[in-house]
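The lines below spell out each chain.
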4 protein chains.
Amino acid sequence: MSIINGKEFIERLNKMKNEIWFDGVKIKGAISDHPAFKGILKAKASLYDLQNSQDLKNEMTFFSSENENPIGLSYLQPKTKEDLKRRRKMIEHWARHTHGMMGRSPDYMNTVVMSFASSANVLSGRENCFPENIQSLYERAMKHDLSFTHTFITPQVNRSQVYLGFSNEPISAKVIDQNEKGLVIKGARLLATQGGLTDEVLVFSAPRLFFDPSEAFAFSIPSNTKGLKFFCRESFVGGESSFNYPLSSKYEEMDSIVVFDNVLVPWDRVFYYDNVDAATDFLVESSFYQFAYHQVITRQIVKTEFFLGVAQLLVETINVGEYQHIHEKLSEIIIGLETMKALLEKSENDAELDEWGSMRPSIIPLQVASNIFPKIYPRFSEIIQIIGASGMISLPTESAFDSEIRSELDQYLQADGMNAEDRVKLFRLAWDLTMSSFGTRQTQYERYFFGDPIRLSSNLYKNYIKDKHVEEIRGFLNLKN
Amino acid sequence: MSIINGKEFIERLNKMKNEIWFDGVKIKGAISDHPAFKGILKAKASLYDLQNSQDLKNEMTFFSSENENPIGLSYLQPKTKEDLKRRRKMIEHWARHTHGMMGRSPDYMNTVVMSFASSANVLSGRENCFPENIQSLYERAMKHDLSFTHTFITPQVNRSQVYLGFSNEPISAKVIDQNEKGLVIKGARLLATQGGLTDEVLVFSAPRLFFDPSEAFAFSIPSNTKGLKFFCRESFVGGESSFNYPLSSKYEEMDSIVVFDNVLVPWDRVFYYDNVDAATDFLVESSFYQFAYHQVITRQIVKTEFFLGVAQLLVETINVGEYQHIHEKLSEIIIGLETMKALLEKSENDAELDEWGSMRPSIIPLQVASNIFPKIYPRFSEIIQIIGASGMISLPTESAFDSEIRSELDQYLQADGMNAEDRVKLFRLAWDLTMSSFGTRQTQYERYFFGDPIRLSSNLYKNYIKDKHVEEIRGFLNLKN
Amino acid sequence: MSIINGKEFIERLNKMKNEIWFDGVKIKGAISDHPAFKGILKAKASLYDLQNSQDLKNEMTFFSSENENPIGLSYLQPKTKEDLKRRRKMIEHWARHTHGMMGRSPDYMNTVVMSFASSANVLSGRENCFPENIQSLYERAMKHDLSFTHTFITPQVNRSQVYLGFSNEPISAKVIDQNEKGLVIKGARLLATQGGLTDEVLVFSAPRLFFDPSEAFAFSIPSNTKGLKFFCRESFVGGESSFNYPLSSKYEEMDSIVVFDNVLVPWDRVFYYDNVDAATDFLVESSFYQFAYHQVITRQIVKTEFFLGVAQLLVETINVGEYQHIHEKLSEIIIGLETMKALLEKSENDAELDEWGSMRPSIIPLQVASNIFPKIYPRFSEIIQIIGASGMISLPTESAFDSEIRSELDQYLQADGMNAEDRVKLFRLAWDLTMSSFGTRQTQYERYFFGDPIRLSSNLYKNYIKDKHVEEIRGFLNLKN
Amino acid sequence: MSIINGKEFIERLNKMKNEIWFDGVKIKGAISDHPAFKGILKAKASLYDLQNSQDLKNEMTFFSSENENPIGLSYLQPKTKEDLKRRRKMIEHWARHTHGMMGRSPDYMNTVVMSFASSANVLSGRENCFPENIQSLYERAMKHDLSFTHTFITPQVNRSQVYLGFSNEPISAKVIDQNEKGLVIKGARLLATQGGLTDEVLVFSAPRLFFDPSEAFAFSIPSNTKGLKFFCRESFVGGESSFNYPLSSKYEEMDSIVVFDNVLVPWDRVFYYDNVDAATDFLVESSFYQFAYHQVITRQIVKTEFFLGVAQLLVETINVGEYQHIHEKLSEIIIGLETMKALLEKSENDAELDEWGSMRPSIIPLQVASNIFPKIYPRFSEIIQIIGASGMISLPTESAFDSEIRSELDQYLQADGMNAEDRVKLFRLAWDLTMSSFGTRQTQYERYFFGDPIRLSSNLYKNYIKDKHVEEIRGFLNLKN
C-alpha cells in the first residue's frame, strides 16, 4: 500500500476514535459526520483523491526503488533543482484545489516529515538521540500515507523575557517520568491545527532562552494514544450552505489545545529527549525551515492569486476600475504576488545540496518572503473590505433568495455587470474571506504562521551576511580600523 | 407623557408589527423574543431605563417651558456652550452604558431630529419645502420619546463617477407618483442600522453629482407604514452566552435593506421633495453635521477607552509590559484617544451661535476627528490582535468550563496574573471585539460611518481656510502676483 | 535695565569673544560679521527689537513689582490660565516672526530658566544642592535679558544599553575636581544649538541608567568662561542671497560640540552636583517639561502653518488642486496642524497649580503632541517634495535671473498662475525648507527635539493612567481577580 | 576606433564648447576644470577607463563581426538569456565603480540607444518616420563610443489634467518650422541630467493625453548644435574635500533645462516627427522600457547594497546592534535588496525573444521593481538618519581635524569601535548620502526616475493580466454571468 484515497482516509480516521472535546462534550461516533468537521474532512478527502486522479497522478506521486507503488510526491527527498520544481508543482496542485485556504494540507506535514528524515544525521551519536526513529517514521508515513499535525507552541502563561516557567504541576508539556517502555509526558501544548483529525501528532520543541531540558524532546505518536486529548475551540463553520459560507463550509480546519495526560511515548517513537543542544541544533541545522517555508510560501502565493481574483471581480462588479486609488490598491496585491513569486523562484534557483545530499532551497529569499507575507496578508484583507465598502454590510442569505422577496432582491441588489444573486455570492465570499470568524482566523493564522513577526525580522538581520557591503564602505572611505 | 422606560419601548415596538424579513422569513410574534433581536432590544431598553434612573435623571433629561414632564436631553437645542457640554455628558452616559458599541443608540437619532428642527428655517419659503413638518416631527418625537433610524445610502449598483443611475424600474428609492394624500415612493435604500427596530424611519438623501430630482426628498414615517419592508442581513449574534459572546449577545444591532413598495408618504410628513437645491442646501447649511459629529465622536471616544482597557488588561495578563514595541502600540491607542478628546473639546470651546440661535460646535475639529477615526479604529483592532497573538486562536467555550475537562483548562490556560476562566473571558472579549463577525462589522461600520474616507479628506481640504497661510508665504517671498 | 534691543544684543555678544572654532579656525573679530553667523544673529536681533516694537510691546513684556522696567514675557511665571494663554501669544509672536524656524529663539531658553526657578524648591535642603543659585540666575537673566543655550546630550560613543561609559580620560563632561572656588569640569557635550552665540550656557544632565555621580550636575556660566570652547559643524548657510536661500540665509542656527577644558564653575553658579537623585528628581518634578513643551509645541504649530502655506501655494501654482491624492496630502497637513492646536489648547485648559504656585499646563496632551510631531514633520517635508516633484530639481539662481538668459527663463519657467521669477522663488523656498542641508537639519532637529521617539512613546505609556479603563473591563466581565 | 578611454572622453568634450549657463554666466574654458563639473567628469572618465582595464575588458566589451575593435558591451543587442546576464554583469561593474550614484552613467544611455535601434522597425513605412536614422545613430554611437543624455519632460506650467498647453510663444519645445535642411525647434525641456556634459542629446517625447503633433518628434543632435543651450541649476558639489563631501565631490551630475533657440535638426538626424501615433507606439512597442528598466534596476540594487553597508557600519560603530527596532530597520533594507534582486533575476529568467530577435527581459517583474524602489529608497534614507540620530548633526570638517583642536576631537568623538576621524568620515558619508543637497536630490531623482509613482501603479494594474484569477473566482462560485 502507498497513496490512499479520500475514502480510505476518512474510514481510517473514523476508526481511530481520537479523544476530541468540542464545546464541553467528548465527540462520539464518526468524526466525519460532525458538523464542525465534516466540511474540512471532505475537503481533505478530496485532496487524497487528487493524488489518484488520472490527470495529476504523474505530477502528484513518485516511485521509489524499494516500493513498487506510487508514493505521494510530498515525501520526495529532492536531489536536484528539478526535483525541487517538481515538488513545487505538486504543492501548487494541492493548494489550488483548496485555494490556499488549508494551512495543514497533507503535503505540509509530509514535507516536514521528509525534512526531518533528510536531516536525521544531525542527531547521530548524540546523547538521548535516536535518528533511526525519524527514519522509521518517514518510512511508515510513506507506506501508509499517514496524515499528521504538529505542535510546538507552549501555553501563553507569561510572555515576559525573564519568565522561567517553573510551576509545581506542569503547564507546558514535559517529561515527568521515564521507564523501560518510554517517556511519560504531562502538560499541554497551546495549538494544533486539525488536532485530532490526523493519524499522528508530531511533537517537538521550539528552542528558546531558558530552555528546560524536560521540554527538549521530539516524537511522533498516533492521535489515539492513551491520555492524548484534543480540546477544540468553537467552530467557525458558519453553516452548511456554500452560498452563505463559501469558505468556512469547506475549509474550517479547527485548532485545538493538545493535552498530555500522562501519555506514554514508546522509546521507538522518541527522536530525542533531555538534550537542549540537540533540540536546538536539530531545528537550526536540519532542512526543516527550508522545506517547510518552500511549501508554505507556495501555498501563500496561490492564496494571494485568489485574493487578486476576488478583488478584481469586485472592482468589475461595482465598476470602480476608473479610480486611481483602486489601481493603487490592486497594484499592492499584484506587487505582493509577484514579489513572493520572484523570491520563491530565486530560492529554487539558488538551491544547494546539503552535506547529506538534499537539494535545499536557498533560505534567504524564503526568509524574506516569510517577513513580507505576515504584513501584506492583513493588508490584502483590508483592501477587499475597502473595495467592498458598505456593500459588505447588508448581505442577504441563500434562504432569502429562495423566498418570496426574491424578485425584490433581484431588482435592488443587481450590479451593472452582474445579477443580484451572483453579486451577493461574490460579496459573501469577500466577507467570508476577510470578515467572518473564519476569515479573521485565517488572517491571524497567516500573521503568525512563521512565529512572532518581530522575531522574524531579528532572525533575518542576524542571518544575513552583511560583511562584503560593510567592506565596500570601509574601502570607499579608506578607514583605518 | 415624555421620556419612556425600557418596558414601554419594548411594548410599543412589539405592537407595531413592522414588516421585517430575516433569512427569507417574515418575522411573526414579538420581535423582542427573536434570537437575532432580543439582545439588542434588551440593551436598548436598558438605555431608556437609564433616563429614568435616580442617579442620572438630572443629567439625562431637561424641562421645557411647554412641557411639565422631563424630556430626553438628546432633544435639547443648545443655546450656550454649557448646553453643549451638558449634551456631551448625556451622550457619554448613553455610550458608557453600552461601551460605545451601539452606533444607533437613541441619542444619536434624537440629535439628528433636533438638528433638523433647529435648522428648519433653511427651507423657509422654498418650493416643495415644508419646514413646519420638521418642527412637528421634533415635537412628536419629544412628546413620545420616539426612536428612529435613518437611511440615505443608495444601492451600490455602479460606483463609477459617470454612472447616472437611470433604469426603467426604480432601484434607488424615488418618487414615482404624487396625489392629494402624499408622495408615492418606490425603490430601495441600501442600509438602515436597526431598521425595523425603531418607531419611525427618517429618510433623506445625500447630495451628489447627477442628483435626480425624484430622489431629492426627505420625510419621516412610522416603521409599520404599509409597503415599508426591512430585509435583514444574517445575524451576528454568536449565541446567548455572554461568556462566549460578551458583545454580540448584547450589542448586535442588525442592518437591513429598506424597501419602499409603493409607500405612501402623507403630505404632513414630507420635509421637501423634487428640489435638488433645497436638498443640497439643507444638509450643507443645517446643523446636521455639527451635532451628528458631536454625538458620534463622543461615542467613539468612549469606545476607544474600552479598547485601551482591553489592550492594557491583555498586556498585564500575559505580562508583556516590558516590551518597547508594546509601549509603542499602547501609546498609539493613547495618542488616538487623547487626540480625539482634544478635538472634541476644541469643537465645544470654539462653538458659535448660528443665525437661528443654536450653539453649534465648531466643524473643523470635528471633521478632523472624523478623518482620523476611520484610520485608527481598524489599527486599534489590529493592535489587540497582535497583543493577543496565538492566544486569540484556540479559546474554549463556556460549556467546556462547565464540563469534566474544567480542571485541565484551569491548569493549562491560567495566566500568571489571572485564573484560566477569567483569562479566557478576557480573550473571548478581545476576539469578539476584533475578530468575530460582530467585531469586523463594527470595524467596517466605524470605517464608513462618515462616508467614504477618501471623500472625507477631500471635503476637509476644500472646507479649510488656507488663505492666511498662503498670504504668509507670499509676504515672506515678496511675490508680485 | 531690562529688555534689550537687537543692537544691544549684538554689541554685548561681540564683546564677549567666546572661543568658537569654525572649520579648524578660531574665530576672531566680530562674530556678527562672520558669514556663518551674520544671518542668524540678524534674525535674533530682530526678535529683540520685536520686544520693543510699539505694536507688540504690551503682548511681549510684563512689569514685575520689583522692577519698574518692562521684562520679557517669556520670564513670566504663570499663576493663572490667563497667564498661560498670554505666554502662548508671546511665543506665537516670536515664532511667527521667524516662521517657526528658530529652535533656540530666546523665549525657549527664557522659559527653561523660568521653569527652573519656579521649581527650585525641589532641591531645598538636599545634599550638594543650591536652589538659591537658580533663583539668582533667574533674576540676573531678567535684569539683563540674557540669552542662553543649553546642553545635555552626552557624546555618542556607544549606544548599547549596557555601556557604562568608563574611560581613563573623561569623554562625557564630568567633575574632575572641586576646590574652594568651585567645580572643575572636563569633557564634552555633544550638541549645543547656537553654542557660542549666547550670553550664557545652561548645563545640566538628562537622567539615565548607570548615571555617574560625577556627571550629575547643573549650572549656568558665561559663554566666555575660560576653557569653554565651541566646535562648530560646517555652516548650512547656502549663501547671502535670500532669493536663492530664503531660509538658510536667515535662520541657520549652527550647532556645536561644547568642550570643557578644565573649566572652573564658581560655587555661586552651581545648582547641584554629585547627587544623582536630586539630578533625576529635578528634571522629573520640576515644571521643566511642561513649560518647555508648551513653548516648543507652540512654535511647531506656527511652523506647520508655514508648511501648509507653502504646500497650498505650490498646489495653486502648478494647478494640481483637482487631484484627490493632493487633497489627501494637504489634508494630512491640516489634520496635523489642527491636532497639535487642539492638544496645546487642552494642555492650557487642563492646567493646574503646582505646589509652588505655578500654573502648569497639563503634561499628557503635550506629551501626546511631542509623540506626534517627530512623525508628521518628516512626512510634511516629504509631501512638499512630492507636490513639487521634478520641479524641485532644476531651479535657476538669482544671478541667472539677473543675466541675459532672463527672458528665456521668464518664458520657459512661467506657471499658469505665476510669473517665472516668483515661481522659482517659491520652489526655491520649498527646496530650502525640505531638501537643502538647512532643511534636512531642520527635519532631524524636529525629529529628535524631545529625544529618541521610541523612548517618547515608552514614557507616554508609562505615564498614562490606565487603571479606570482596565477597571471598566474587569467590571464588564465580572472578573474575579 | 571604438571604445575610448577617460582622457579621450574629456578632451573630446572640452573641444565641443557646449553652451552651458551656470549661475547666470556662460561657461568658458575647459568644462573639465570647472568646480561644478570636474568631479563628475573625473568620475565619468574613470568609467571609460574601466572599459579598458585588463581585469574587466572581457566583461565590459564585445566584438562585432563588422568591427575588429572592441565595443562597449552596453551596445550589445542581446539575442539570448546569456547575453542578458552578460549585460547585467557589465552594468553592475559600471554601477559598483560609482556605488550606484551616477544615474546617467554611459551604459544607461547606450542601452537606450541600443533599444531604439533594436526596435527601429516599429517605425517602418510610417509617415514622417525614418527608422534608418536610428540605425545610423546606433552605428555612430558604437563607432565613437559617444556619450548621451536624453530629455523628455515638458516644463511644469500647469499639471491639471485638462490643461492643453496652448500659448502664443512655444514653452514646451516644438517644431515651429521645417525646411529642406531639417526641422526647426523652439522651446524648452525641463530636465536633462548631465545636460551639456555629453557628446549628444537624445530628444524624444513621452506620450500623453492631448499630445500636440508639433511635439511628437524624436532625434539626436550634438550638444554643441547652434541654438542649443543648457541652463544649469546650482551645483550641489559641497566642496573638493572627499573627507567632507565623499559623494558630492565625485558624483554630482548636474541637471539642466534644455533650451532650443530655433535649433535646426538636420533630416538625417530625425527619427520621426508630426506623427502622434508613431511617437506613442514607438515608446510602447519598442524595447525601450524593458532595457532601460533592466539597466536602472541593476544600478539601484548596487546602490541599495551601498546603503546596507552604510547602515550596518553605523550600527557597529555606535554599537546599537542589540536593539530589536534596529534589526527591524536593517531588515527593511535587506528585504528591499533581496526583493529587487529576485525581481531582476525573474525578469531575466522569463525573458523572451521579440519579433525582431531581441531577447527582452520580462516587463512585469521590472515594473513591479519600479513601483517598489521609489517607495523604499526614501525610507532607506530615513533609516540611515534615524540610526545616526543626533550624531548626524554636529560633524566637524577635515580642516578641523587638521587644526590644533584635533586631539580634543580625537578624544571626544571616538566611538567604541572606531577612532574619531574614521567615525566622522562615516557619519559625513551618511549625511552626504541622505541629508546634503546632493543626497536629497538623489532621493528625489530615484523617487521620480520612472515618472510619477501614482501613474506607475496605474500602469502596472492596467498592464497586468488578471483574467485567470478572476476566472478562478467565477468557477469557484459557479457564477452565471
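These numbers were taken from a predicted model, which means no experiment stands behind them.

Rules used in this analysis
Residues numbered from 1 in each chain as written. Chains lettered and ligands numbered in written order. Predicted model: local features only at pLDDT ≥ 70, side-chain atom pairs only at ≥ 80, totals over all residues. Helix = DSSP H or I, 4+ residues; strand = E, 2+ residues; numbered from the N terminus. Rg over C-alpha atoms; globule rule 2.2 N^0.38 Å. Contact = placed C-beta atoms within 7 Å. Least-squares fit on C-alpha atoms with pLDDT ≥ 70 in both. Nonpolar A, V, L, I, M, F, W, Y, C, P; charged D, E, K, R; others polar. UniProt positions renumbered as here; feature names shortened; annotations may be inferred. Buried ≥ 20, exposed ≤ 12 C-beta atoms within 10 Å, placed from the backbone. Pairing = 2+ DSSP bridges. Axes fitted to C-alpha atoms, helices over the stretch in contact; angles between N-to-C directions. Domains from an automatic or database assignment. Left-handed = near helix turned anticlockwise from the far one by under 90°.

*Asks:* Can you help me understand the overall build of chain A in this one?
*Replies:* Helix and strand content of chain A: 17 helices and 14 strands. Whereas a compact globule of 481 residues would reach a radius of gyration of roughly 23 Å, chain A reaches 24 Å, a difference of no more than 12%. Structurally, chain A occupies a C-alpha span of about 75 × 75 × 50 Å along its principal axes. Of the contacts formed within chain A by residues at least 6 apart in sequence, a portion of 74% connects residues at least 24 apart.

*Asks:* Sorry if this is basic, but what is going on with the relation of the copies chain B and chain A here?
*Replies:* Comparison of the two chain copies shows a relationship of rotation about an axis with a shift along it. Mapping chain B onto chain A calls for a screw motion: a turn of 180° about the axis and a shift of 0.0 Å along it, with 0.0 Å RMSD after fitting. Here the transformation between the copies is reduced to the relation of a two-fold axis. No C-alpha of chain B lies nearer the rotation axis than that of Ser437(B), which sits 2.8 Å from it. A share of 100% of the interface residues of chain B reappears at the interface of chain A, consistent with the copies meeting face to face through the same patch.

*Asks:* I'm lost on the interface of chain D and chain C in this one. Help?
*Replies:* Listed per partner, the contact involves 62 residues of chain D and 62 residues of chain C. When contributions to the side of chain D that touches chain C are tallied by element, the ones reaching two or more residues are strand E7 (182–193), strand E11 (255–266), helix H11 (363–388), helix H12 (398–401), helix H13 (406–412) and helix H15 (437–447) of chain D. For the side of chain D that touches chain C, the per-class residue count stands at 29 nonpolar, 21 polar and 12 charged.

*Asks:* Just to check I follow, could you spell out the UniProt feature "domain: HpaB/PvcC/4-BUDH C-terminal" (unreviewed entry) in chain A for this structure?
*Replies:* Here the UniProt-annotated "domain: HpaB/PvcC/4-BUDH C-terminal" (unreviewed entry) positions come out as residues 280–477 of chain A. Within the segment residues 280–477 of chain A, helix and strand shares are 75% and 2% respectively, and the terminal C-alpha atoms sit 40 Å apart.

*Asks:* Could you clarify how one ought to interpret the interface of chain B and chain A in this entry?
*Replies:* Accessible area lost when the parts come together is the quantity often used to give the size of an interface. Of the residues lining the interface, 62 residues belong to chain B; the matching set on chain A comes to 62 residues. Mapped by element, the contributors of at least two residues to the side of chain B that touches chain A are strand E7 (182–193), strand E11 (255–266), helix H11 (363–388), helix H12 (398–401), helix H13 (406–412) and helix H15 (437–448) of chain B. No other element matches H15(B), which puts 5 residues into the side of chain B that touches chain A. In terms of residue class, the side of chain B that touches chain A is made up of 29 nonpolar, 21 polar and 12 charged.

*Asks:* Help me out: how do you make sense of H15(D) in this one?
*Replies:* Residues separated by three or four positions in an α-helix point in the same direction, a consequence of the helix having 3.6 residues per turn. Within H15(D), 10 of the 11 residues are buried, which leaves the element mostly enclosed by the surrounding structure. All of the buried residues in H15(D) are Ser437(D), Phe438(D), Gly439(D), Thr440(D), Arg441(D), Gln442(D), Thr443(D), Gln444(D), Glu446(D) and Arg447(D). Buried residues along H15(D) sit in contact with helix H11 (363–388) and helix H15 (437–447) of chain C together with helix H7 (248–251), H11, helix H14 (420–434) and helix H16 (453–463) of chain D.

*Asks:* Help me out: how do you make sense of the sheet that holds strand E12 (residues 270–272) of chain A in this one?
*Replies:* Hydrogen bonds along the backbone pair up the strands of a sheet, which may run parallel or antiparallel. All names here are of chain A. Strand order in this open sheet of 4 strands is E5-E8-E9-E12, and the pairing throughout is mixed. Sheet topology places strand E5 (148–151) and E12 at the edges, where each strand pairs with a single neighbour. Shown here is a sheet whose adjacent strand axes are inclined to one another by a mean of 20°, direction ignored. The sheet contact formed by strand E9 (residues 218–222) and E12 spans 2 bridges and is antiparallel. Each bridged residue has a counterpart across the sheet, and for phenylalanine 219 the counterpart in E12 is valine 270. Packing of helix H5 (residues 106–118) onto the sheet brings it into contact with E5 and strand E8 (200–203), and relative to E5 it is tilted by some 70°.

*Asks:* Got a minute to help me understand the domain arrangement of chain A in this structure?
*Replies:* All names here are of chain A. Structurally, chain A comprises domain 1 (6–282) and domain 2 (287–471). Facing the 37 residues of domain 1 at the interface are 31 residues of domain 2. For the side of domain 1 that touches domain 2, the secondary-structure elements that each account for two or more residues are helix H4 (81–97) and H5. Taken together, the residues that form the side of domain 1 that touches domain 2 break down as 14 nonpolar, 14 polar and 9 charged.

*Asks:* How should the pairing of E9(A) be read in this particular structure?
*Replies:* The side chains of a regular strand alternate, first on one face of the sheet and then on the other. Residues and elements named next belong to chain A. Taken across its 5 residues, E9 has 4 buried, putting it largely inside the fold. Direction of pairing for E8 relative to E9: antiparallel, over a ladder of 4 bridges. Each residue of the ladder has a partner; that of valine 201, found in E9, is isoleucine 221.

*Asks:* I keep staring at the relation of the copies chain D and chain C and nothing clicks. Help me out?
*Replies:* The two copies are related by a screw motion: chain D maps onto chain C through a turn of 180° and a shift of 0.0 Å along the axis, at an RMSD of 0.0 Å. Here 100% of the contact residues of chain D are again contact residues in chain C; the copies associate through an equivalent surface.

*Asks:* Please explain the sheet that holds E11(B) as it appears in this structure.
*Replies:* Residues and elements named next belong to chain B. Pairing in this open sheet of 6 strands is mixed, and the strands run E2-E1-E10-E11-E7-E6 from one edge to the other. Edge positions in the sheet fall to strand E2 (25–26) and strand E6 (174–178), since each of these pairs with one other strand and no more. When strand E1 (residues 19–22) meets E2, the two strands line up antiparallel, connected through 2 bridges. Each bridged residue has a counterpart across the sheet, and for phenylalanine 22 the counterpart in E2 is valine 25.

*Asks:* So what exactly am I meant to see when it comes to the packing of H11(B) against helix H14 (residues 420–434) of chain B here?
*Replies:* Residue and element names in this part refer to chain B. In the contact formed by H11 and H14, the axes pass within 9 Å of each other and the chain directions differ by 145°. In the crossing of H11 with H14, the sense of the turn from one axis to the other is left-handed. From H11, Ser381, Ile384, Gln385 and Gly388 reach across to H14, where they touch Phe427, Ala430, Leu433 and Thr434. Per-class residue counts for the contact of H11 with H14 are 4 nonpolar, 4 polar and no charged.

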